[in-house]
Amino acid sequence: MRIVWCITGAGHLLRESFDVMKKLKEEIEDLKVTTLVSRAGEEVVKMYGLFEELKYISNGNYYEELILEREHPYSSPITGRLSLGKYDFLICSPTSGNTVAKVVNGIADSLVTNAIAQAGKGFVKSLIVPVDYKEGIVITKLPYSIDRKRCKLCLKCIKVCPNEAIIKRDNFVEIYLPKCVGCGNCKEICQYNAIIEGKEIKMRVRKIDAENTKKLKELEDVIVLKHPYEILDFFGIYK
Ligand SMILES: Cc1cc2nc3c(=O)[nH]c(=O)nc-3n(C[C@H](O)[C@H](O)[C@H](O)COP(=O)(O)O)c2cc1C
């Protein structure tokens, strides 16, 4: 079986999406996964410390390529495989509000939106997990952050960061997330427990995003799922 797995720049349901990718790899014999990652997706996956896991999912062999939008920015020729019907399924999880909005308006100007459009043209079924499923509140987890009340400005975190992602301001330090690779060195070294991984926050799902998700259900060959774990149900796999 061949699958294209698209990852967009959403932190919500990201870890769960990775769990499902790995489970599918374990459970489906001869599964080949080509992973497509939007520019924002690449940044966000790194912030949550998950980038290395992608190399296990897509090891670089034929039909198991890891395609980063940053390196394939314009016409995304790889998506031609979808219009030619070379894959059994496209899965997009997590799918940002931005990508859903584009897709329901027929826009195909990025790696992931183009892949979804080409899947539709090539009669390939798309399983899409939008992070904004219905209006209301969701609880989601942030990448690494610093609790300024606990921080004593010892600056050890700055020294152990491999990417110069922690910056000293006048009287506080902050994590510059676009450079963060989620390695956790800062959390490990901090004796004041000031580095927080995965702080939970409440987020509103806006009406416009929920409405776009409804429109998604009307697209040809698109199946909209509420949670990545429903992908396992679709393939008859138990968690
Ligand atoms: C840490 C982080 C987490 C984010 N989480 C979400 C999210 O859960 N849902 C969402 O719609 N956008 C989220 N965003 C914003 C998207 O990355 C942004 O809208 C981006 O333009 C999406 O581009 P893409 O759809 O091409 O991947 C997040 C951004 C950051 C930095």
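Thresholds, definitions, all that
Residues numbered from 1 in each chain as written. Predicted model: local features only at pLDDT ≥ 70, side-chain atom pairs only at ≥ 80, totals over all residues. Heavy atoms only, no water. Domains from an automatic or database assignment. Near = heavy atom within 4 Å. Polar contact = N/O pair within 3.5 Å; in protein donor to acceptor, adjacent residues only side chain to side chain. Areas by Shrake-Rupley, 256 points an atom, 1.4 Å probe, with all protein chains shown as cover. Helix = DSSP H or I, 4+ residues; strand = E, 2+ residues; numbered from the N terminus. Nonpolar A, V, L, I, M, F, W, Y, C, P; charged D, E, K, R; others polar. Buried < 20%, exposed > 50% of the residue type's maximum accessible area, 1.4 Å probe, protein only. Pairing = 2+ DSSP bridges. Phe/Tyr/Trp six-rings, centres within 6.5 Å; stacked < 30°, edge-to-face > 60°. Lys NZ or Arg CZ within 6 Å of the ring centre and 35° of its normal.

Named according to an unreviewed UniProt entry, the protein chain is Dihydromethanopterin reductase (Acceptor) originating from Methanocaldococcus lauensis.

Peer 1: Explain the domain arrangement of the protein chain residue by residue, including any values.
Peer 2: The domain boundaries assigned to the protein chain delineate domain 1 (2-134 + 206-234) and domain 2 (144-197). The C-alpha centroid of domain 2 is placed 31 Å from the C-alpha centroid of domain 1.

Peer 1: Requested: an account of the site of the ligand, with residues and values cited.
Peer 2: In the neighbourhood of the ligand, 15 residues make up the surrounding shell, with Gly 9, Ser 38, Ser 96, Gly 97 and Thr 99 lying closest. Contact between the ligand and Gly 9: an oxygen atom at 2.6 Å from a main-chain N or O atom of the residue. Thr 99 has a polar side-chain atom sitting 2.6 Å from an oxygen atom of the ligand. A total of 640 Å² of accessible area belongs to the ligand in isolation, and the protein chains cover 67% of it. Listed by contribution, the elements that provide at least two residues to the shell around the ligand are helix H2 (39-47) and helix H5 (97-104). Within the shell around the ligand, the residues separate by chemical class into six nonpolar, nine polar and no charged.

Peer 1: Pulling in residues and values, what's your account of the pairing of strand E4 (residues 89-95)?
Peer 2: Most of E4 sits inside the fold, with seven of its seven residues counted as buried. Bridge count for strand E1 (residues 2-7) against E4 is four bridges, and the pairing is parallel. Bridged to Ile 3 within E4 is Phe 89. For E4 and strand E5 (residues 125-130), the ladder comprises five bridges, and the chain directions are parallel. In the strand pairing of E5, Ile 91 is matched with Leu 127.

Peer 1: Requested: an account of helix H6 (residues 111-121), with residues and values cited.
Peer 2: H6 sits mainly inside the fold: eight of its eleven residues count as buried. When we look at burial in H6, the residues that qualify are Leu 111, Val 112, Thr 113, Asn 114, Ala 115, Ile 116, Gln 118 and Ala 119.

Peer 1: Run through unusual backbone geometry, naming residues and quoting values.
Peer 2: For the peptide bond that leads from Ser 93 to Pro 94, omega is 0°, which places it in the cis range. Here Pro 94 is to be found in strand E4. We note that Asp 30 has phi near 60°; this positive angle belongs to a residue other than glycine. Within the element layout of this structure, Asp 30 appears in the loop between helix H1 (14-27) and strand E2 (32-37). The class for Asp 30 is exposed, based on a relative accessible area of 64%. Not every positive phi belongs to a glycine, and Glu 164 is a case in point at roughly 50°.

Peer 1: Explain the packing of aromatic side chains to me, and be specific about the residues and the numbers.
Peer 2: Inspection of every chain in the model, using the stated rule, returns five aromatic pairs. Geometrically, the ring pair formed by Phe 89 and Phe 234 is edge-to-face, given 5.5 Å between the ring centres and 85° between the ring planes. With Phe 89 in strand E4 and Phe 234 in helix H10 (residues 229-234), the pair connects residues that are 145 residues apart, well separated along the chain. Taken together, the ring pairs connect Tyr 62, Tyr 63 and Tyr 87 into an aromatic cluster. Across from the ring centre of Tyr 63, 4.1 Å away, lies the NZ or CZ of Arg 81, which sits over that ring.

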